[in-house]
Amino acid sequence: MTTTARFLLRATALALLLLPPAGAAATSCGDPATPIARIQGTGDHSPMAGQTVTVEAVMSHDSRQKGGFQGFYLQQADHQTDSDPRTSEALFVYTRRSTGDIGDRLRITGTVKEFHGLTELVGIKALTLCGREPVPAPVALSLPWPQHPETLESMRVRFEQPLTVIDSHNLARYGELTLAQTDQVNATEYLEPGPSAQQATERQRLQRVVLDDGHRQQHPRPVPWPPGGLTADNTVRAGDRFSQLAGVLDFRFGDWRLQPHITPKLLPANPRQPPPARPEQPHLRLVTLNLANYFNGSGDGQGFPTSRGARSHADYEHQHQRLLAALRAPDPDILALAELENDGYDATSSVANLAEALGPNWRVVATPGADGQDEIRTALLYRSDRVQTSGRAERLTSALFRHRGRPPVTQVFRANAGDAEVRIIALHLKSKSCRGATGADLDQQDGQGCYNDRRVRAAQAIVQWLSDLPTPDHLAGTLITGDLNSYARETPLEVFRSAGFASMVHQLQPCDASTCPHYTYRYKGARGSLDYTLASGPLQPRILTATTWLLNADEPRALAYDGPLDIKPALPWRSSDHNPVITDIRL
């Protein structure tokens, strides 16, 4: 081969090496490029997935920081959009390359990929800086969504009005808060069970956005929200609002998310409140609370972790002190409690430990041998310096409660200074969890969850049991109280209503879809009542106060005794996952 031939061969090889990648024939800034709108398309997934493309657009948001999403958001310049409202003008570029800042025009060659619903550019082959460009203007938004959020995927947006915090379940784990236009009420709190309730729940679920922290790692510290970080005294409660919500609209882990480019402003709208003051008239105050699995191990500092409660003795002591603060604050005469360890009544039992800690005047209504086989039980406690018992306590241990469930307990009480008596029944019905559900106990798709058939049969058995109990001469009426695991319009409540019992909280503070001033529980962003005081007809005129103290359910679970934060003070807030119900009875 001649020298000239060798030179030509080498030149040809070098020219081949310098050719642009396939699908990217135009490589210079300003050359024709694939519009991002064409990549996004008008559907849920890109019509160009798997193809290699070249795009030229503006970096609108950077997520390459430590712990970020390992890439950035690229949006078409405002003067280059296709003006089709069905297509997004932005996408996520997955890359570790450090080139570029927000406001830089970038020319990028890569492969289109759908990553769990998010359109991305991956396998970046070329990334060229093409100068500066005005960052695209944000799209003004509100909730409910004015258009399908898919049409705005990865684009800059701003919410024109403040949004309400409805869920903080993943706050400490993933740095997330769920927001909606207004606080959301569980559908069967105000709608009859059925398809319409299911549809209302689905509509609510679709009208939310997650305020994210822009990071992919778990357990961020400090916990990012509220601004300044979550602490015992710096909290963000469900019902609070955020303004100045601006950033990119992202889709990850099944949710539409706002990755903010400025810190939004917290607008406290649901501040912590003290318990209601006691009425001036002579009365008995009943406090009803689910204790969220109060287990004391072996009762002597050992026996941890327990099957359902504290993991260690230190955790138990923290839980114990927090619950004491919550139970003492309303100054009760009688306590109706659920989710206590079912471990007898001796000095080392959970209920005995609790009564002793409450003070020397507190007594336990004991029903040895009748508490059932469940790990947890209900209990009644009372202050003997204010209240007396009349007759013996009873538990329902027949019918549905013969071999399963948590037998309800009843006791007649009267004030030390009066003659009128009230029968109180403490109960805790089967939860909505679907574990082990079969047959009629499966979710019937009517909004009531699993095991509703069992809850209905339990309510029927309790009504029958009450009709068989003797009626003392001075009985003013009967109060059924506890965790029914049913929202206000669900069938178990209808069983009690048909028997003449009314929810006094709902009667004194009516609830509808737009306003619901009382609730005891939050689940997946919706609030409602699971805990009640249901008064018989004769007792209803004697109810002076019936309210829920918004103590626990609105607070982040990260503030609980077993949460990730080191909270030393014995605060009442988030001492349980249920709010207490407070009832004042004139006797």
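Cut-offs used in this document
Residues numbered from 1 in each chain as written. Predicted model: local features only at pLDDT ≥ 70, side-chain atom pairs only at ≥ 80, totals over all residues. Heavy atoms only, no water. Helix = DSSP H or I, 4+ residues; strand = E, 2+ residues; numbered from the N terminus. Buried < 20%, exposed > 50% of the residue type's maximum accessible area, 1.4 Å probe, protein only. Contact = heavy atoms within 4.5 Å. Areas by Shrake-Rupley, 256 points an atom, 1.4 Å probe, with all protein chains shown as cover. Lys, Arg positive; Asp, Glu negative; His and termini not counted. Charge placed at Lys NZ, Arg CZ, Asp CG, Glu CD. Pairing = 2+ DSSP bridges. Axes fitted to C-alpha atoms, helices over the stretch in contact; angles between N-to-C directions. Parallel < 35°, antiparallel > 145°, perpendicular 65-115°, else oblique. Left-handed = near helix turned anticlockwise from the far one by under 90°. Nonpolar A, V, L, I, M, F, W, Y, C, P; charged D, E, K, R; others polar. pLDDT = per-residue confidence, 0-100. Core = buried A, V, L, I, M, F, W, Y, C linked by side-chain atoms within 4.5 Å. Salt bridge = Lys/Arg side-chain N within 4 Å of Asp/Glu carboxyl O.

S.K.: So what exactly am I meant to see when it comes to the overall build of the protein here?
M.R.: Helix and strand content of the protein: 9 helices and 29 strands. Looking at the 587 residues of the protein, the share that counts as buried comes to 55%. Intrachain contacts of the protein at a sequence separation of at least 6 include 71% that bridge at least 24 residues. Of the roughly 25,100 Å² that the protein leaves accessible, carbon and sulfur atoms contribute 51%. Each charge sign in the protein was given a centre, from 60 positive and 63 negative side chains, and these centres are 3 Å apart.

S.K.: Looking at this model, I keep getting lost on the sheet that holds strand E11 (residues 208-211). Mind explaining?
M.R.: One open sheet accounts for 9 strands, arranged E6-E7-E13-E14-E11-E9-E8-E12-E15; its pairing is mixed. This sheet does not close on itself; its edge strands, each paired only once, are strand E6 (139-141) and strand E15 (265-267). Strand-to-strand twist across the sheet, computed as the mean angle between neighbouring axes with direction ignored, equals 45°. Inspection of the sheet shows E6 paired to strand E7 (residues 156-159) by 3 bridges, in the parallel sense. Directly across from valine 139, in E7, lies its bridge partner valine 157.

S.K.: Looking at this structure, I do not really get the sheet that holds strand E10 (residues 184-185). What am I missing?
M.R.: Either a parallel or an antiparallel arrangement is found when strands of a sheet pair, and the pairing is made through backbone hydrogen bonds. Overall, mixed pairing links the 3 strands, which are arranged E10-E26-E25 in an open sheet. For this open sheet the edge positions go to E10 and strand E25 (521-523), each flanked by a neighbour on one side alone. As paired strands, E25 and strand E26 (residues 526-528) are joined by 3 bridges and run antiparallel to one another. In the strand pairing of E26, tyrosine 521 is matched with glycine 528.

S.K.: Mind showing me how you'd approach the packing of helix H7 (residues 452-468) against helix H8 (residues 491-498) here?
M.R.: Helix-helix packing is described using two parameters, namely the angle between the two axes and the distance between the axes. Two numbers describe how H7 lies on H8: the axes approach to 8 Å, and their chain directions differ by 15°. Here H7 lies roughly parallel to H8, going by the angle between them. Here the hand of the crossing between H7 and H8 comes out right-handed. Across the interface between the two elements, Asn452, Arg455, Val456, Ala459, Gln460, Ile462 and Val463 of H7 pack against Thr491, Pro492, Val495 and Phe496 of H8. Residues belonging to the contact of H7 with H8 are distributed by class as follows: 7 nonpolar, 3 polar and 1 charged.

S.K.: Is there a simple way to think about the confidence of the model for the protein in this case?
M.R.: Should pLDDT be low for a region, the predicted coordinates there are not to be read in detail. Per-residue pLDDT for the protein averages 93, and the proportion of residues at 70 or more is 95%. The low-confidence segment residues 1-26 (pLDDT under 50) makes 14 contacts with residues lying over four places distant or belonging to another chain.

S.K.: Would you take a moment to explain unusual backbone geometry for this structure?
M.R.: Trans is the common state for peptide bonds, and a negative phi is the common state for residues other than glycine. With an omega of 0°, the peptide bond between leucine 143 and proline 144 qualifies as cis. Along the polypeptide, proline 144 turns up in the loop between E6 and E7. Tryptophan 225 connects to proline 226 through a cis peptide bond whose omega is 5°. Inspection of the secondary structure puts proline 226 in the loop between E11 and strand E12 (241-243). Although it is not a glycine, serine 83 adopts a positive phi angle of roughly 60°. Residue position: serine 83 is located in the loop between strand E2 (71-75) and strand E3 (90-94). Taking relative accessible area as the criterion, serine 83 reaches 64% and is therefore assigned exposed. Of note, the phi angle at alanine 399 is positive, near 55°, even though the residue is not glycine. Inspection of the secondary structure puts alanine 399 in the loop between strand E20 (387-395) and strand E21 (409-415).

S.K.: Could you clarify how one ought to interpret the nonpolar core in this entry?
M.R.: Generally speaking, a soluble globular protein has its nonpolar side chains buried in company with each other. Within the largest apolar cluster, 59 residues are counted, with the highest numbers of intra-cluster contacts made by Phe159, Leu177, Leu179, Phe242, Leu337, Leu354 and Leu381. It is helix H5 (residues 313-328) that provides the largest number of residues to this core, a total of 5 residues. With residues up to four places along the chain from it excluded, the contact list for leucine 337 reads Leu289, Leu291, Leu327, Leu354, Arg377, Thr378, Ala379 and Leu381. Residues Val365, Val409, Ala546 and Ile585 belong to the second largest nonpolar core, which totals 28 residues.

S.K.: How do you make sense of the pattern of salt bridges when you look at a structure like this?
M.R.: Pairing is possible between side chains that carry opposite charge, provided their charged atoms lie close to one another. Scanning the entire structure with this criterion turns up 36 salt bridges. Across the salt bridge formed by aspartate 331 and arginine 278, the nearest N and O atoms sit 3.6 Å from each other. Note that aspartate 331 is positioned in the loop between H5 and strand E17 (334-341) and arginine 278 in the loop between E15 and strand E16 (284-294), a separation of 53 residues in sequence. Of the charged contacts, one joins aspartate 371 and arginine 377 as a salt bridge, the two residues approaching to 2.9 Å between their closest N and O atoms. The two residues aspartate 371 and arginine 377 agree in class, both being buried. Residues joined by salt bridges that share partners form a network here, namely Asp183, Arg237, Arg272, Arg522, Arg527, Asp554 and Glu555.

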